[in-house]
Structure formats: C-alpha cells, structure tokens
Amino acid sequence: MTVWQTTGTVTKTGYARNDCGETLHLKIVWAHGADGQCFTVNPGETISSKVARGVRTFDGASIC
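Residues numbered from 1 in each chain as written. Predicted model: local features only at pLDDT ≥ 70, side-chain atom pairs only at ≥ 80, totals over all residues. Heavy atoms only, no water.

A positive phi is found at His 32, a non-glycine position, where the angle reads about 65°. Here His 32 lies in the loop between β3 (24-31) and β4 (39-41). (Helix = DSSP H or I, 4+ residues; strand = E, 2+ residues; numbered from the N terminus.)

Right under this line is the structure:
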C-alpha cells in the first residue's frame, strides 16, 4: 500500500493506493478526529479522504 497527502488552501486530502495483489478494506487515518470511511479497494485502486486544514494530521491508512 502506498499513502500520501496533499494540502490545499482550505483542506487536506489523504490518499491510499492498493499495491497488493488482492482486494483490501482500507480507511484513511486522521489524528485528532474521526477517520475516513472504510472502502473495499481492488488492486491498483486509490481511495481518498478530505478534512479541513488545521489541527488534524494525516496518519496514513489502515485495514478496516
């Protein structure tokens, strides 16, 4: 799995791409608040979750 974040003027977006050869259930993890929803992610697919800029920090992704 590959994870990354982009930061805009108003929001931050966390991304996770399934680089495995099997389907995974993934969510984006944010500190200081709720995590992103759980997605079924096929090999090669990317998920994202967007939050307002501020105290929230991107903590990657996890299996859900």
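Resuming the write-up.
So, about the nonpolar core. A general trend in soluble globular proteins is that nonpolar side chains are found buried together. Formed by Ala 16, Leu 24, Leu 26, Ile 28, Trp 30, Val 41, Ile 47, Val 51 and Phe 58, the largest nonpolar core amounts to nine residues. Among the secondary structure elements, those contributing two or more residues to this core are β3 and β5 (46-52). Tallying contributions element by element places β3 first for this core, with four residues. In contact with Leu 26, other than residues within four places in its own chain, are Met 1, Gln 37, Cys 38, Phe 39, Val 41, Ile 47, Ser 62, Ile 63 and Cys 64. (Core = buried A, V, L, I, M, F, W, Y, C linked by side-chain atoms within 4.5 Å. Buried < 20%, exposed > 50% of the residue type's maximum accessible area, 1.4 Å probe, protein only. Contact = heavy atoms within 4.5 Å.)

Moving on, we get to the sheet that holds β3. One open sheet accounts for three strands, arranged β4-β3-β6; its pairing is antiparallel. Two strands bound the open sheet, and with one partner strand each, they are β4 and β6 (57-63). Direction aside, neighbouring strands of the sheet carry axes that sit 40° apart on average. Alignment of β3 against β4, held across three bridges, turns out to be antiparallel. Looking across to β4, one finds that His 25 is bridged to Thr 40. (Pairing = 2+ DSSP bridges. Axes fitted to C-alpha atoms, helices over the stretch in contact; angles between N-to-C directions.)

Structurally, Ser 49 can be placed in strand β5. A polar contact of 3.1 Å, which involves the side chain of Ser 49, links it to the side chain of Trp 30. Look past the residues within four positions of Ser 49 in its chain and what remains in contact with it is Lys 12, Thr 13, Gly 14, Ile 28, Trp 30 and Gly 36. (Polar contact = N/O pair within 3.5 Å; in protein donor to acceptor, adjacent residues only side chain to side chain.)

The analysis is restricted to geometry; functional conclusions fall outside its scope.
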